[in-house]
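Architecture at a glance
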Amino acid sequence: MKAVKLLLGALLALSASAAFAQTIKIGFITSYSGLNGNLGPYMERAVRLYIKEHQKELPPGVKIELITRDDTGPNPDKAKQLAQELIVRDKVDLLAGVIFTPNALAIAPLATEAKKPFVIMNAGTAVITTRSPYIARTSFTLWQSSYPLGQWAAKKFKTAYTLVSDFGPGHDSETAFSQAFEAGGGKVLSKVRVPLQNPDWAAYMQRVKDAKPEALMVFIPAGKTATAVMKNFSDLGLASAGIKLIGPGDITTEEELPNMGDVAIGATTVFHWSAAGERPANKAFVALWKKEFGQNETPNFLSVGSWDGTAMIFEAIKQQKGKLDPDKTMEIFKNWKNPNSPRGPIAIDPETRDIIQPEYLREVRKVGGQLMNVELETLGAAVKDPWKELQKKK
Ligand code: PHB
């Protein structure tokens, strides 16, 4: 009799814990191969580190399962296929990640159709968030950096030349910079778009040099391409001809600074975050990263977008006690804020589901023998995507 009672008790306890046990599945798509294949881990590490540090805040019995997939670089067909499989076969609750705009655009209609909240942790073309009501973005738009860059540059230079990768974020960066620069009285001498993969940088840099602009504004997808730009800029003598290299922070991404070497010194950029930022929350974030992954490792902006994106997902899980409803999740995302992110105070704009964040003017300098994006000035404390703000005025 006693044994039966014990067994019954054990069974009851088991079923109670089973009722509470809840696994939230996140389908995480990023690039582990192809162009920027080295950047996927900067995102995944940030997500896993956030989960490790904050797991204890989840409702009892709730676990997160991260299912990672490689979209192989800018490859919308592959991204779409992976998202489809994650939704249908793996039955994920949410989609997240994505470095490249074409991939994010390919996934957007699937998020809508399946009602899967989709947290974009990098892809930065302004239009993306308008493509599905289930998208919220915790990264940035190119307008957010390139527009204030154009305003700042108009006060420093009379002429500029723009060189951008020929796809969504490049077009946005070119338009945002040129509009702001010309509204401020500057003149854009030429706007050149280069192939996304393996452009002949030496030929393009020679054309820039011949045009003699005061500043060259470049956008390329962060990563190895940024180092190729820097080397060619220096090798073809643009720096010694007195041309100033400027751009959104993608051109001086932290993990490439050691590969660029001293040629990067003086490059001036506008961005929402830098590893060198003096905010206590940023110092803690960078220190935690080094403790976890090694003293020579540095997070980059893709890590920060992923870290904050995971914090936002945690909020939705906590508020709904582990049972996610897609529409409630989106309501929570729309109202999410963090006054103390590594980048400073951030919030999701409930109207656009894009992030509102500070933008800093930074310059590459050598600090203690290391190249850093030193933050010089806050150009805007709470910058909304300027593209959407200007559209509203039309
Ligand atoms: C994008 O495809 O949206 C993208 C890729 C790399 C960047 C920024 C934006 O550095």
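Presented here is an overview of the structure given in this document. (Residues numbered from 1 in each chain as written. Predicted model: local features only at pLDDT ≥ 70, side-chain atom pairs only at ≥ 80, totals over all residues. Heavy atoms only, no water.)

1. Thoughts on the site of the ligand
The line we're drawing: Put simply, a residue is near a molecule or strand once any heavy atom of it comes within 4 Å of that molecule or strand. By the criterion applied in these results, polar contacts are pairs of N or O atoms within 3.5 Å in which, for protein atoms, one can donate a hydrogen and the other can accept it, and in which residues neighboring in sequence qualify only through two side-chain atoms. In these tables, accessible area is a Shrake-Rupley quantity obtained with a 1.4 Å probe, and a residue counts as shielded only by the protein chains included in the view. As a working rule, the residues Ala, Val, Leu, Ile, Met, Phe, Trp, Tyr, Cys and Pro are called nonpolar, Asp, Glu, Lys and Arg charged, and the rest polar, with Gly in that last group.
The immediate surroundings of the ligand are formed by 14 residues, with Phe100, Thr101, Gly124, Ala222 and Asp250 found nearest. Backbone polar atom of alanine 222 to an oxygen atom of the ligand: 3.0 Å apart, as the coordinates give it. In this structure, an oxygen atom belonging to the ligand sits 2.6 Å away from a side-chain N or O atom of aspartate 250. Contact with the protein chains covers 99% of the free accessible surface of the ligand, which is 280 Å². A per-class count over the shell around the ligand returns 10 nonpolar, 3 polar and 1 charged.

2. With respect to helix 3 (residues 76-88)
For clarity, the cut-off: Secondary structure elements follow DSSP: runs of H or I of four or more residues count as helices, runs of E of two or more count as strands, with numbering from the N terminus. The length a helix should cover is 1.5 Å for every residue beyond the first. Buried, partly exposed and exposed residues are distinguished by accessible area as a fraction of the type maximum, computed with a 1.4 Å probe on protein chains only: under 20%, between the cut-offs, and over 50%, respectively. The directions from the helix axis to the C-beta atoms are what the arc is built from. Residue contacts follow a heavy-atom distance rule, with two residues in contact if any of their heavy atoms lie within 4.5 Å.
Given a rise of 1.5 Å per residue, 13 residues ought to cover 18 Å, and the 18 Å separating the end C-alpha atoms of helix 3 matches this to within 8%. By the burial criterion, the buried members of helix 3 are Ala79, Leu82, Ala83, Leu86 and Ile87. The buried residues of helix 3 all sit within an arc of 130 degrees when viewed along its axis, so they share a single face. Residues Asp77 and Val88 are exposed on helix 3 and point more than 90 degrees away from its buried face. For helix 3, the elements touching its buried residues are strand 1 (22-30), strand 2 (62-70), strand 3 (94-97) and helix 4 (101-114).

3. What to know about unusual backbone geometry
At lysine 115, a position not held by glycine, the phi torsion is positive, near 55 degrees. Looking at the secondary structure, you find lysine 115 in the loop between helix 4 and strand 4 (118-120). For lysine 115, a relative accessible area of 41% corresponds to the partly exposed category. The phi torsion at lysine 321 lies on the positive side, around 50 degrees, for a residue other than glycine. Looking at where lysine 321 falls in the secondary structure, it is placed in the loop between helix 11 (301-319) and helix 12 (326-334).

4. Some remarks on the side chain of glutamine 144
As for its position among the elements, glutamine 144 is in helix 5 (residues 142-154). Note on glutamine 144: relative accessible area 1%, which makes it buried. Among the polar contacts made by the side chain of glutamine 144, one reaches the main-chain amide nitrogen of threonine 141 at a distance of 3.0 Å. Those residues in contact with glutamine 144 that lie beyond four places of it in its chain are Ile355, Ile356, Gln357, Glu359, Val383, Lys384, Asp385 and Pro386.

5. Considerations on the nonpolar core
So the rule is basically this: Remark: nonpolar core denotes a set of buried residues (Ala, Val, Leu, Ile, Met, Phe, Trp, Tyr, Cys) joined through side-chain atoms within 4.5 Å.
If you look at the biggest cluster of nonpolar residues, it comprises 89 residues, and the most contacted ones within it are Ile246 and Phe333. In terms of residue count, the dominant contributor to this core is helix 11 (10 residues). Tyr204, Leu238, Ile243 and Ile251 belong to the second largest nonpolar core, which has 25 residues in total.

6. With respect to the side chain of serine 146
With respect to the secondary-structure elements, serine 146 resides in helix 5. Not counting the four nearest positions on each side in its chain, serine 146 is found in contact with Ser173, Ala176, Phe177 and Pro248.

7. Some remarks on the sheet that holds strand 5 (residues 135-137)
For the record, the criterion: Only strands that DSSP links by at least two bridges are regarded as paired with each other. Axes, fitted as lines to C-alpha atoms, cover a helix only where it is in contact. Angles between the N-to-C directions of the axes lie from 0 to 180 degrees.
The strand order across the open sheet formed by 5 strands is 2-1-3-4-5, and the pairing between neighbours is parallel. Edge positions in the open sheet fall to strand 2 and strand 5, since each of these has one partner strand only. If you compare each strand with its neighbour and ignore which way they point, the axes differ by 25 degrees on average. By the bridge criterion, 3 bridges tie strand 3 to strand 4 in an arrangement that is parallel. Its bridge partner being in strand 4, glycine 97 is matched across the sheet by isoleucine 120. Against the sheet, helix 3 touches strand 1, strand 2 and strand 3, its axis set at about 170 degrees to strand 1.

8. With respect to the pattern of salt bridges
Note the threshold: Within this document, salt bridges are pairs made up of a side-chain nitrogen of Lys or Arg and a carboxyl oxygen of Asp or Glu, the two lying within 4 Å of each other.
Scanning the entire structure with this criterion turns up 20 salt bridges. Close ionic contact of glutamate 375 with arginine 279 constitutes a salt bridge, the shortest N to O distance being 2.9 Å. Linking glutamate 375 in strand 14 (residues 370-383) with arginine 279 in the loop between strand 10 (268-271) and helix 10 (280-293), this pair joins segments that are 96 residues apart in sequence. Across the salt bridge formed by lysine 388 and aspartate 385, the nearest N and O atoms sit 2.8 Å from each other. Residue classification places lysine 388 among the buried positions, given a relative accessible area of 8%.

9. What to know about the pairing of strand 7 (residues 187-194)
On any regular strand, side chains alternate: one points to one face of the sheet, the next to the other face. Formally: Crossovers are marked right-handed if the path from the first strand over the helix to the second runs clockwise, as seen with the strands pointing away from the viewer.
Relative to strand 7, strand 6 (residues 159-165) runs parallel, the two sharing 7 bridges. Bridged to threonine 159 within strand 7 is lysine 187. Handedness of the strand 6-helix 6 (residues 168-183)-strand 7 crossover: right-handed.

10. Let's talk about the packing of aromatic side chains
To keep it simple, the criterion reads: Side-chain rings of Phe, Tyr and Trp, where Trp is taken by its six-membered ring, are said to pair if the distance between their centres is within 6.5 Å; with planes under 30 degrees apart they count as stacked, over 60 as edge-to-face, and otherwise as tilted.
Inspection of every chain in the model, using the stated rule, returns 14 aromatic pairs. Centre to centre, the rings of phenylalanine 140 and phenylalanine 301 are 5.7 Å apart; their planes meet at 75 degrees, and the pair counts as edge-to-face. Placement of phenylalanine 140 in the loop between strand 5 and helix 5 and of phenylalanine 301 in helix 11 is noted, with a sequence separation of 161 residues between them. Judged by relative accessible area, which is 3%, phenylalanine 301 ranks as buried.

11. Quick notes on the environment of asparagine 36
One can find asparagine 36 in the loop between strand 1 and helix 2 (40-54). A relative accessible area of 7% means that asparagine 36 is categorised as buried. Contacts of asparagine 36, omitting those with residues within four sequence positions, involve Ser31, Ile99, Phe100, Pro221, Ala222 and Gly223.

12. A word on the pairing of strand 14
Looking at chain direction, strand 13 (residues 355-367) and strand 14 are connected through 10 bridges and run antiparallel. For arginine 362, the partnering residue across the bridge sits in strand 14 and is glutamate 375. Between the end of strand 13 and the start of strand 14, which pair antiparallel, lie 2 residues, with glycine 368 showing a positive phi angle near 55 degrees.

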